[in-house]
Amino acid sequence: MRSLLILVIGFALVIVQSLLHGMGMPEWLLPQGLIVCVVYLAFFESSIAGALLAFGCGLLLDLTTATVLGPWAGAYVLAYALLSFVSPRLFVESTVVTSVVTGVTSLFAGSVYLFLAFEYQSLSQEDIVVLLGQASASAIVAPAISSIIGRVCGRSNSRLMNHASLVSAV
Amino acid sequence: MRQEISERTHIALVSFGLFVASLFLTAYSARNPAVARVGHTIVLEVTAPFARTANAIAQGVQSVWGRYLYLVSTAQQNESLSRRVSELESRLGMLSEFESENERLRQALSFASERQLRGVAAAVIGADSSGWIRGLVIDRGSSHGVRPGMAVIHPRGIVGQITSVASNSARVLLVNDHSSGVDVLVQSSRVRGVVEGAGEKVCELKFVTKENPVKVGEVVVTSGMDRVFPKGVVVGTVSHVSAQTSTLFQTIEVRPAVNFARIEEVLVVASGAEESGIQSGGK
């Protein structure tokens, strides 16, 4: 149920993004809401289900935007896998960490997407501006979106239990 | 600890599997656009009502906000007069909005009838959500005769091509997207080439050899050879030309005739093969 809620939130974020873009917000300023979902999943839902959900988030973006299916799904699942490996070493409750990690993940996922989608085309300066701008915008909105997801979905206990066991071991 | 490592290995394996699956999916959907189109259609069908409602709400909020500020400034002079003025302004605003919409639609339809094109007028209701694909969502779909592959034009020039269609909405891939391609002619010299997207406000005219010099300011029009866009519709104006010695072709930039960020209504026209399906003057 919680998994479905994350996808529903992701879907709502995609509609909001589309609305903002339609209202004239330049594409380089458009925050990528779904990348925040992926970061949240890597932080608090580090499991096989989380990987499937990250793939689902990417596929959702593919379905709403691209002409081919798969590039965003691939980019997001790769970002999720890498993040879920490093997340045990991060203080994920911090908004600063959430923000910085989201920015870096957005850059990474965007680069992977560009590689998968425009493999035979040269990268233009405009693409780089969009990549950096969207990463910054995503980083700014990440703590707020992450907090909303946390409140709506509730957080997985596994991560908190790991912290508790570490503390008790110390 | 061992259990955690085992779980991590499982996550890594599943993620790797999903990544490989995404590569296959990308390759498969690129070769079989119909597969991707089915998915896009389903999502478009679900998202279009949200987009339409959200668009209406956003326009309402913008309108209320604008009028509120207007009232605040006029209330300082005379409260009763400002109320009357704002009422009249509001009516005038609505009337002029209707008038300009009518004018735009009339232009679009007369543009179509002058060229003996059969088309359906549509309003733009949304844009691409990622910012990576240059696209629009329009409020006409398969129930109005719109089909994938149809050309989308504006009285000022070409806009793009329909990529996926739901019953009451459709997605348009703009001509300035990287994956767009239009067969064109330089109007004065009749030199042929292909216009591809190269940025938000610029396209590139490709495959024009150095033996056919092109000048800045020349108008580029569709050739009609791609059987998507009708012949003679303006694409844009040549804004920059350079010919490097090492290459066979010239590098030519074309500034599109249409400002894609500001279009509100478009005309979807059928190519020769699809003309039978469209309902003329759908709006």
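Just so it is clear, the structure is predicted and the values come from calculations on it, not from any experiment.

*Asks:* Explanation requested: the pattern of salt bridges in the structure shown.
*Replies:* Two side chains that carry opposite charge are able to pair once their charged atoms sit near each other. All names here are of chain B. Applying the stated rule across the entire model yields four salt bridges over all chains. The residue R140 makes a salt bridge to D139 at a minimum N-O spacing of 3.5 Å. Overall, the relative accessible area of 13% leaves D139 in the buried class. Between K206 and E196 there is a salt bridge, with the nearest N and O atoms lying 3.0 Å from each other. Of the two residues, K206 sits in strand β8 (residues 203-206) while E196 sits in strand β7 (residues 192-197), which places them ten residues apart along the sequence. Overall, K206 belongs to the partly exposed group, its relative accessible area being 26%.

*Asks:* Would you mind going over the interface of chain A and chain B with me for this structure?
*Replies:* Interface size is often expressed as the accessible area that is lost when the parts come together. On the side of chain B, 42 residues touch chain A, which itself brings 51 residues to the contact. For the chain A and chain B pair, buried surface summed over both sides reaches about 4200 Å², with 68% attributable to carbon and sulfur atoms. Scanning the region where chain A abuts chain B turns up one salt bridge. A salt bridge links R134 of chain B to E27 of chain A; the shortest N-O distance between them is 3.1 Å. Along the contact surface separating chain A from chain B lie four residue pairs in polar contact (both at pLDDT 80 or more). Secondary structure elements with two or more residues in the side of chain A that touches chain B: α1 (2-22), α3 (48-64), α4 (71-86), α5 (95-117) and α6 (125-153) of chain A. Here the side of chain A that touches chain B takes ten residues from α4 of chain A, the largest share from any one element. Its residues assigned to classes, the side of chain A that touches chain B comprises 32 nonpolar, 15 polar and four charged.

*Asks:* Honestly, α4 of chain A in this entry has me stumped. Any pointers?
*Replies:* Side chains three or four residues apart in an α-helix point the same way, a direct result of the helix having 3.6 residues per turn. All names here are of chain A. Between its first and last C-alpha atoms α4 spans 23 Å; for 16 residues at 1.5 Å apiece the expected length is 22 Å, and the two agree. The buried fraction of α4 is high, at twelve of 16 residues. Among the residues of α4, P71, W72, A73, G74, A75, Y76, V77, A79, Y80, A81, L83 and S84 are the ones counted as buried.

*Asks:* Could you clarify how one ought to interpret unusual backbone geometry in this entry?
*Replies:* Negative phi is the rule for most residues except glycine; trans is the rule for most peptide bonds. All names here are of chain B. Even without a glycine there, the phi angle at R190 is positive, about 60°. Mapped onto the fold, R190 is located in the loop between β6 (181-186) and β7. Under the relative-accessibility criterion, R190 is labelled partly exposed at 44%. One non-glycine residue, F207, adopts positive backbone phi at about 65°. When you line up the elements, F207 lands in the loop between β8 and β9 (219-222). Judged by its relative accessible area of 47%, F207 is partly exposed.

*Asks:* Whenever I open this one, the nonpolar core confuses me. Can you help?
*Replies:* Counting 50 residues, the largest nonpolar core has L34, Y76, Y80 and I149 of chain A as the members making the most contacts within it. The set of elements that each furnish at least two residues to this core consists of α1, α2 (33-44), α3, α4, α5 and α6 of chain A together with α1 (2-31) of chain B. With eleven residues, α2 of chain A is the single largest residue contributor to this core. Apart from the residues lying within four places of it in its own chain, the contact partners of L34 of chain A are G10, V14, Q17, C57, L60, L61 and Y76 of chain A. Among the nonpolar cores identified, the runner-up in size contains 46 residues, and L205, V228, V235 and V266 of chain B belong to it.

*Asks:* Looking at this structure, I do not really get the sheet that holds strand β2 (residues 135-138) of chain B. What am I missing?
*Replies:* Residue and element names in this part refer to chain B. Strand order in the closed barrel formed by six strands is β1-β2-β5-β4-β3-β12, and the pairing between neighbours is antiparallel. Mean inter-strand twist for the sheet, computed between neighbouring axes without regard to direction, equals 45°. Of the strand pairs in this sheet, strand β1 (residues 119-127) and strand β12 (residues 265-269) are connected by five bridges, and their pairing is antiparallel. Bridge assignment links G119 to a residue of β12, and that residue is V269.

*Asks:* What am I meant to see in the sheet that holds strand β11 (residues 251-256) of chain B here?
*Replies:* Hydrogen bonding along the main chain pairs the strands of a sheet, whether they run parallel or antiparallel. With antiparallel pairing, six strands are arranged side by side around a closed barrel as β6-β7-β8-β11-β10-β9 (chain B). Adjacent strand axes in the sheet meet at a mean angle of 40°, parallel and antiparallel pairs treated alike.

About the criteria used
Residues numbered from 1 in each chain as written. Chains lettered and ligands numbered in written order. Predicted model: local features only at pLDDT ≥ 70, side-chain atom pairs only at ≥ 80, totals over all residues. Heavy atoms only, no water. Salt bridge = Lys/Arg side-chain N within 4 Å of Asp/Glu carboxyl O. Buried < 20%, exposed > 50% of the residue type's maximum accessible area, 1.4 Å probe, protein only. Helix = DSSP H or I, 4+ residues; strand = E, 2+ residues; numbered from the N terminus. Contact = heavy atoms within 4.5 Å. Buried area = accessible area lost by both parts, 1.4 Å probe. Polar contact = N/O pair within 3.5 Å; in protein donor to acceptor, adjacent residues only side chain to side chain. Nonpolar A, V, L, I, M, F, W, Y, C, P; charged D, E, K, R; others polar. Expected span 1.5 Å × (residues − 1). Core = buried A, V, L, I, M, F, W, Y, C linked by side-chain atoms within 4.5 Å. Pairing = 2+ DSSP bridges. Axes fitted to C-alpha atoms, helices over the stretch in contact; angles between N-to-C directions.

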